[in-house]
Amino acid sequence: MRLPGRRAGRAIILVAAAASSTVEAHLATTGLGPVGDGVSHVLLSPDDLVPVLAMALLAGLNGPRARRHALLALSGAWLAGGIAGFAAGNPLLPAWAPTVSFLALGGLVAADRRLSPAFVAAIALALGLAHGWLNGAGIAEARREALALLGIAAAVFVVTAAVSAAVVSLQEGWRRVAVRVAGSWVAAVGLLMLGWALRA
Amino acid sequence: MKGLLSRLGTVAGLVLLACATPAFAHVQQGQAQGLVTGLLHPVSGLDHVLAMIAVGLWGAQLGRPAVWVLPVTFPMVMACGGFLGLVGIGLPGIEAGIALSVLLLGLMVALEAKPKLAVAAVLVGAFAIFHGHAHGTELPAGQSGLLYSIGFVVATGCLHGVGILIGVAHRWPRGRLALRVAGTAVSLAGVAFVARAFL
């Protein structure tokens, strides 16, 4: 049983390697130093900003406790994943991998099902690790300073804190419905992104 | 005087040269254009505009929860249609499907039809596939697919929002009549689109 398991593992690694693409950090030079470049990266990169916003919406919809857990888990994991990615380099992730966060988070926000704070924190952790890793690997590949990761994590923290605080106060009513509609848009964009990635 | 001006010109030229920095033209090629193209694309075709607004109007007539279920259903299923187009899975009769969507959605508003929520969602969703397949893949070369998709989905959602806002008139008797007249106008436009698609 052990041998097929190893073979399956090797096969997965080979498939992932075959499907992997180069990471693109798109770290803009703002002139404000690496931390400022990191902050601007989050605000200017929709492939990172939209999942962060969707995570903030999800955390806010699930109440103050889930929000607190998600806030710490997301920004902490983003920084940790970034450092790991910076050290380890290009991950063996297929080109369509980032679309998973759009689809999953958008779908969960649109569904507006009550989730436990631990589950929301686990989602935030996974999101932070995956996107942070991609950022870190991209920064290393572009030979930029790792300090940019601090700016990225700080921006992720601030955006998540602000948006989730606005959402957490929403009870029933059209505002909560508007948040769900925004989630459906994120999921729709994710599906189209998946199509673009598979077509490329 | 002439010599002074000449020297000043030389100094200014040297200062400009000293301050010059290399131009970085590679600002993520096609990013902004992708968003603008995506935002403008849904409003560039009357058939798409009328169908989207009709979805909002019909949702407003049906009331809760249809008023938000239909606008949530449409972009998600529309994206499914776009996905099929992007991965190369063809659909027959796309133009006819879009034309029929204008005709039937207009008719639903004109008749103030009130089917079960699931039936309304399936009807709207079925048409959304055609709209997504036709429009979701029309990205000009060199532009960002992600930003095009964001613009396309947001613009479509805003058109639903316009329909829902107009549908607020449903609260008043004259407003209801006005909505039904608007639905009739949309379905008449749909007849023209159907004629164009089949003839």
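In this text, all values refer to a predicted model and were calculated from it rather than measured experimentally.

Reading the values: the criteria
- Residues numbered from 1 in each chain as written.
- Chains lettered and ligands numbered in written order.
- Predicted model: local features only at pLDDT ≥ 70, side-chain atom pairs only at ≥ 80, totals over all residues.
- Helix = DSSP H or I, 4+ residues; strand = E, 2+ residues; numbered from the N terminus.
- Buried ≥ 20, exposed ≤ 12 C-beta atoms within 10 Å, placed from the backbone.
- Contact = placed C-beta atoms within 7 Å.
- Nonpolar A, V, L, I, M, F, W, Y, C, P; charged D, E, K, R; others polar.
- Core = buried A, V, L, I, M, F, W, Y, C linked by C-beta atoms within 7 Å.
- Expected span 1.5 Å × (residues − 1).
- pLDDT = per-residue confidence, 0-100.

A. Geometry of the overall build of chain B. The helix and strand tally for chain B stands at 8 helices and 0 strands. In chain B, the succession of α and β elements from N to C terminus is α-α-α-α-α-α-α-α. Counting over 199 residues, chain B shows a buried share of 46%. A sequence separation of at least 24 residues applies to 89% of the contacts in chain B between residues at least 6 apart.

B. Looking closely at the interface of chain A and chain B. Between chain A and chain B, the residue contacts involve 20 residues of the former and 22 residues of the latter. For the side of chain A that touches chain B, the elements supplying multiple residues, two or more each, are helix H3 (46-61) and helix H8 (174-199) of chain A. Among the elements that make up the side of chain A that touches chain B, the one with the highest residue count is H8 of chain A (16 residues). Here the residues of the side of chain A that touches chain B sort into 14 nonpolar, 3 polar and 3 charged.

C. Here's a closer look at the nonpolar core. Residues and elements named next belong to chain A. Counting residues in each nonpolar core, the largest one holds 114 residues, and the members touching the most others are Met55, Val109 and Ala124. Counting residues per element, this core draws most heavily on H8, at 13 residues. Setting aside its immediate chain neighbours within four residues, Met55 contacts Ala70, Leu74, Leu105, Ala124, Leu127 and Thr160.

D. Representation of H3 of chain A within the structure. Helix length check: H3 of chain A (16 residues) gives 22 Å between terminal C-alpha atoms against 22 Å at 1.5 Å per residue, within 8%. One or two steps after H3 of chain A, the chain reaches Gly63 of chain A, where phi turns positive at roughly 95°.

E. Broad picture of the confidence of the model for chain B. Residues and elements named next belong to chain B. Looking at chain B as a whole, its pLDDT mean stands at 79, while 81% of the residues score no less than 70. Confidence, read as mean pLDDT per element, is least for helix H1 (residues 2-19) in chain B (52) and greatest for helix H5 (residues 94-111) (89). In this model residues 15-28 is a low-confidence stretch, pLDDT under 50, and it forms 1 contact with partners more than four residues away in sequence or in other chains. As scored by the predictor, the complex reaches a pTM of 0.77 and an ipTM of 0.75.

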